[in-house]
Amino acid sequence: MGWMMFLFHIAAGSVRVIAGLFFVFHLVSGVKPGKASVAAALGAAAVIQVLLSVLSLPDFYRVGLEALLYAACIGRIQKKDVRMSLFVGIFYEIAVLFWQFLFAAWLGVLFRSPEFLESNAGKGQIAVWLCHGLLAVFLLFSRKWRNMSVNERFRYSSGVVAASFVAVITLSEQKALAIEEDTLDMWTLLAVVLMMSVLVYRISRQYETEKELARLKSEQAELLERDYTALNHAYGVNAKLFHDFHNHIGVLQQFLSHGNLDGAVQYLDELQEPVREMTDTVWTGDETIDYLINSKAVQAKSDGICLKIQVEFPRHINIRSADLCAIVGNFLDNAMEAARQVPEEERREIRLTIRRINQMLVIKTENTFVGRLLKKEGSLQTTKEANGLHGWGLKSAQTAAEKYFGCVQTSFEGGTFRAVATLSYEGAPRPAEP
């Protein structure tokens, strides 16, 4: 019987740890744990249970060890906030203990038997597995939980904790099962603490979101300033041409008065050279985005990068030029930065594709890439220095895409990095005829 209980505890611990791992990963990093994390957690859960059984330690030690296990997994593999992981892990373990107690107590009230409160007894295992059965159901629907918004998660978590508070308060009023008053007071206090922990988590997530938005706005301002500088340079070139216009007219007059047409044509070509490459090609009909693409093409050429462009752009749509520039500009900036790192100049290549599919606009860049991209827990980890702006450009593009019910996706395969943005658009009214 002792060995059977030991195996039951290991099985329950495995379910609890896997569910806890998914729960902590979803709340802290927004992704599901990988196979390596699950395997490591299962092994560690078995070791923890053996230690608890051999040393006869109370559940308090199990709560702490399993919470440390969650924090270690997410800190070692996901490189996320270890303190928040530890915070969520501790209160998850307390909540599991709490609900296990509630199941045992109410089963004891229903059947008028205190044996349900003994987890090492046969009846006590019924309460244990009812609680862990709910955790198994959570695992089955973990994808739905992951897709919930922060507000939805807060509502569900608050509802569960409030229900547990009502359950323990109601338990203190029943007379069918004798439960020590100190025990009820302890669980009532823990129910209040759990409610406070949910509130603290919500405030913390809101603060992190606001901080990230502030950083995103700062990065967007820097990107706009950079593009403004480039545009201002182009205008400066035109202003210089205008300022020297009378001198140029005089030179052209001399060429023409002497019948030197070839000299006049050559002189005009030299005047147009600084801005020709940035204004010759019309890709979309939108002057802002056309200038951006042409200026990036000039920059790519100077860096020895082969930029191939294919554009099929719908006219009169509701997508703002600023949002298109945020997506295309950031995609091309990231692509050129990566292509410059390719040592062989003949392998430096970028492909920009803009096309429409029904009412969807697809913007895609593909570029050659050397170096390391680590794919851990379903996300790409760059090898760039953390103090740069890398990553915020893609977040800026994602923010712009979300305005049109779209998204940004990235992938890496066979030495090629790919970034794709999809946007839903509507036809905008045609401008009135003058």
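Residues numbered from 1 in each chain as written. Predicted model: local features only at pLDDT ≥ 70, side-chain atom pairs only at ≥ 80, totals over all residues. Heavy atoms only, no water.

**Details of the overall build of the protein**
Each helix and strand counted, the protein has 13 helices and seven strands in total. Burial analysis of the protein (434 residues in total) assigns 39% to the buried set. Residue pairs at least 24 apart in sequence account for 69% of intrachain contacts in the protein once pairs closer than 6 positions are excluded. When the accessible area of the protein is evaluated, it comes to approximately 25,100 Å², of which 60% is carbon and sulfur surface. (Helix = DSSP H or I, 4+ residues; strand = E, 2+ residues; numbered from the N terminus. Buried < 20%, exposed > 50% of the residue type's maximum accessible area, 1.4 Å probe, protein only. Contact = heavy atoms within 4.5 Å. Areas by Shrake-Rupley, 256 points an atom, 1.4 Å probe, with all protein chains shown as cover.)

**Topic: a nonpolar patch on the surface**
A cluster of nonpolar side chains, Val-47, Val-50, Leu-51, Val-54, Leu-55, Leu-57, Phe-60, Tyr-61, Leu-65 and Leu-68, forms an exposed patch at the surface whose accessible area comes to about 940 Å². Along the chain, the position of Val-47 falls in helix H2 (residues 35-55). (Patch = residues over 30% accessible without salt bridge, like charges linked within 9 Å, V, L, I, M, F, W, Y side chains within 5 Å. Salt bridge = Lys/Arg side-chain N within 4 Å of Asp/Glu carboxyl O.)

**Details of helix H4 (residues 82-111)**
Compared with the 44 Å implied by 1.5 Å per residue over 30 residues, the 43 Å span of H4 between its first and last C-alpha is a close match. Note on H4: the residue one or two positions beyond its end, Arg-112, has a positive phi of about 55 degrees. (Expected span 1.5 Å × (residues − 1).)

**With respect to the nonpolar core**
Counting 34 residues, the largest nonpolar core has Ile-327, Val-328, Phe-331 and Ile-363 as its most contacted members. Elements supplying a minimum of two residues to this core: helix H11 (287-302), helix H12 (321-339), strand E2 (349-357), strand E3 (360-368), helix H13 (392-402) and strand E7 (416-424). When residues in this core are grouped by element, the largest group, 10 residues, is from H12. Beyond its immediate sequence surroundings of up to four residues, Val-328 is in contact with Ile-289, Leu-292, Ile-293, Leu-352, Ile-354 and Ile-363. Residues Val-17, Leu-21, Phe-22 and Met-84 belong to the second largest nonpolar core, which totals 24 residues. (Core = buried A, V, L, I, M, F, W, Y, C linked by side-chain atoms within 4.5 Å.)

**Some remarks on the pattern of salt bridges**
Under the counting rule described, the total for this entry stands at 13 salt bridges. A salt bridge links Arg-340 to Asp-303; its shortest N-O distance comes to 2.8 Å. Taken together, the positions of Arg-340 in the loop between H12 and E2 and Asp-303 in the loop between H11 and strand E1 (306-311) put the pair 37 residues apart, joining distant regions of the chain. For Arg-340, a relative accessible area of 32% corresponds to the partly exposed category.

**Some details on the sheet that holds strand E6 (residues 407-413)**
The strand order across the open sheet built from five strands is E1-E2-E3-E7-E6, with neighbouring strands paired in mixed fashion. Strand pairing shows two members of the sheet lacking a second neighbour, E1 and E6, which therefore form its edges. With direction set aside, neighbouring strand axes in the sheet form an average angle of 10 degrees. The sheet contact formed by E2 and E3 spans eight bridges and is antiparallel. Among the inter-strand pairings, Arg-355 is bridged to a residue of E3, identified as Val-362. Sitting on the sheet, H11 touches E1 and E2, and the angle it makes with E1 is about 160 degrees. Packing of H12 onto the sheet brings it into contact with E1, E2, E3, E6 and E7, and relative to E3 it is tilted by some 15 degrees. (Pairing = 2+ DSSP bridges. Axes fitted to C-alpha atoms, helices over the stretch in contact; angles between N-to-C directions.)

**Here's the deal with the side chain of Glu-366**
Tracing the backbone shows Glu-366 in strand E3. Under the relative-accessibility criterion, Glu-366 is labelled buried at 11%. Of note is the side chain of Glu-366, whose polar atom sits 2.9 Å from the side chain of Arg-418. (Polar contact = N/O pair within 3.5 Å; in protein donor to acceptor, adjacent residues only side chain to side chain.)

**As for the confidence of the model for the protein**
On average, residues of the protein score 78 in pLDDT, and 80% of them reach the 70 mark or higher. Here residues 374-390 is modelled with pLDDT under 50, and outside its nearest four sequence neighbours on either side it reaches 29 contacts, counting other chains as well. Of the regions scoring below 50 in pLDDT, residues 430-434 engages in two contacts with residues more than four places distant in sequence or in other chains. (pLDDT = per-residue confidence, 0-100.)

**Re the packing of aromatic side chains**
Overall, the coordinates contain eight aromatic pairs when judged by the stated rule. Taken together, a centroid distance of 5.4 Å and an interplanar angle of 5 degrees make the contact between Phe-98 and Trp-187 stacked. Here the residue Phe-98 occupies a position in helix H4, and Trp-187 occupies one in helix H8 (residues 181-243), the gap between them amounting to 89 residues. Taking the relative accessible area as the measure of exposure, Phe-98 reaches 0% and is therefore buried. Put simply, the rings of Phe-23, Tyr-70 and Tyr-92 pair up and form one aromatic cluster. (Phe/Tyr/Trp six-rings, centres within 6.5 Å; stacked < 30°, edge-to-face > 60°.)

**Brief notes about unusual backbone geometry**
Glycine aside, residues mostly have negative phi, and peptide bonds are mostly found in the trans state. Even without being a glycine, Arg-112 presents a positive backbone phi close to 55 degrees. For Arg-112, the position within the fold is in the loop between H4 and helix H5 (122-140). On the basis of relative accessibility, which here comes to 63%, the residue Arg-112 falls in the exposed class. The phi dihedral of Phe-405 falls on the positive side, at around 55 degrees, and the residue is not glycine.

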